[in-house]
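Reading the structure
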Amino acid sequence: MGIIVWCVLFAIVIFFAFVATRMAAQNKDDSLHDTGLAIIEFGRAFPNEAIRQLQATENGQAIFVRLHDNKAGLMRNMARHFSCHLIESGRVRVVSSETGRGLAIDFLDAPHHNGKFEFASPKEASEVALWLLGNYIAEPDKDLPPGTIASANKQ
């Protein structure tokens, strides 16, 4: 009789271990697909930055954040925590990936965030590239030298 009780208890422990590992795997797969979580975590990291728009990568491991004043940010799943990064003007290099749906990005201030980021469509990738292109130009370089007229304004 005692061995039956131990077998039942062992089976219950195995069942709970199985359920716990399945739940953990499901949470791991969810990653950053929850944009509400991204807003909360990025807002906690940078409370003075106003979020205008979010764009998640296809696998949900990273979310690019469009901020006010043409700034951009990145929130990335780093296995056990989320890492938030504010992208400084002129401190990023962007190249289109071979698929056309992604970007190969080099962060000069945070090389551990470098990588290839694939999006669901080329439209999403190009939109994020435009956000980052605003960061290519440092503030002093945005103004044209006096006396020059842009070619679009010539008549």
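Here the structure is a predicted model, which is why all the values come from computation and not from measurement.

Right, let's talk about the nonpolar core for a bit. Of all hydrophobic cores here, the largest spans 18 residues; its most connected members are Phe 64, Leu 103, Ile 105 and Phe 107. Elements represented by at least two residues in this core include exactly β2 (62–67), β3 (72–77), β5 (92–96), β6 (102–107) and α3 (122–133). Among the elements that take part in this core, α3 stands out by supplying five residues, more than any other. Not counting the four nearest positions on each side in its chain, Phe 107 is found in contact with Phe 64, Leu 74, His 85, Ile 87, Arg 91, Val 92, His 113, Asn 114 and Phe 117. One finds Ala 38, Phe 42, Ile 63 and Leu 86 within the second-largest nonpolar core, a separate group that totals seven residues.

Now for the packing of aromatic side chains. According to the stated counting rule, one finds four aromatic pairs in the structure shown. Centre to centre, the rings of Phe 64 and Phe 117 are 5.2 Å apart; their planes meet at 85 degrees, and the pair counts as edge-to-face. In this pair, Phe 64 sits in strand β2 while Phe 117 sits in strand β7 (residues 115–118), placing the two residues 53 residues apart along the sequence. Note on accessibility: Phe 64 and Phe 117 belong to one class, buried. Ring pairing ties together the aromatic residues Phe 64, Phe 117 and Phe 119, which thus form one cluster.

This part covers the sheet that holds β5. On the basis of which strands lie adjacent, the open sheet formed by three strands has the order β5-β6-β7 and antiparallel pairing. Across the chains shown, the open sheet's two edge strands, defined by having one partner strand only, are β5 and β7. Here the average twist between neighbouring strands, direction ignored, is 25 degrees. In this sheet, β6 lies alongside β5 in antiparallel orientation, the contact comprising five bridges. Bridging across to β6, Val 94 finds its partner in Ile 105. Of the strands in this sheet, β5 and β6 touch α3, which is tilted by about 25 degrees from β6.

Cut-offs applied
- One numbering rule holds for all chains: residues counted from 1, following each sequence as written.
- Per-residue local features are limited, in this predicted model, to residues with pLDDT of at least 70; the limit for side-chain atom pairs, both in listing and counting, is 80 or more; totals at the level of whole chains, interfaces and linings are taken over all residues.
- Heavy atoms from the whole structure form the basis of all side-chain values; hydrogens and water molecules are not counted.
- Residue types Ala, Val, Leu, Ile, Met, Phe, Trp, Tyr and Cys, when buried and joined through side-chain atoms within 4.5 Å, form a set referred to as a nonpolar core.
- Each residue's exposure class comes from its accessible area (1.4 Å probe, protein chains only) as a fraction of the maximum for that residue type: buried when under 20%, exposed when over 50%, partly exposed otherwise.
- Each helix is a run of DSSP H or I of at least 4 residues and each strand a run of E of at least 2, with the numbering of both proceeding from the N terminus.
- Here a residue-residue contact requires only that any non-hydrogen atoms of the pair lie within 4.5 Å.
- Each Phe, Tyr or Trp ring (for Trp, its six-membered ring) is paired with any other whose centre lies within 6.5 Å, and the angle between the two planes then decides the class: stacked below 30 degrees, edge-to-face above 60, tilted in between.
- For two strands to be treated as a pair, DSSP must find at least two bridges joining them.
- Between the N-to-C directions of two axes lies an angle of 0 to 180 degrees, each axis being a line fitted to C-alpha atoms and, for a helix, fitted only over the stretch in contact.

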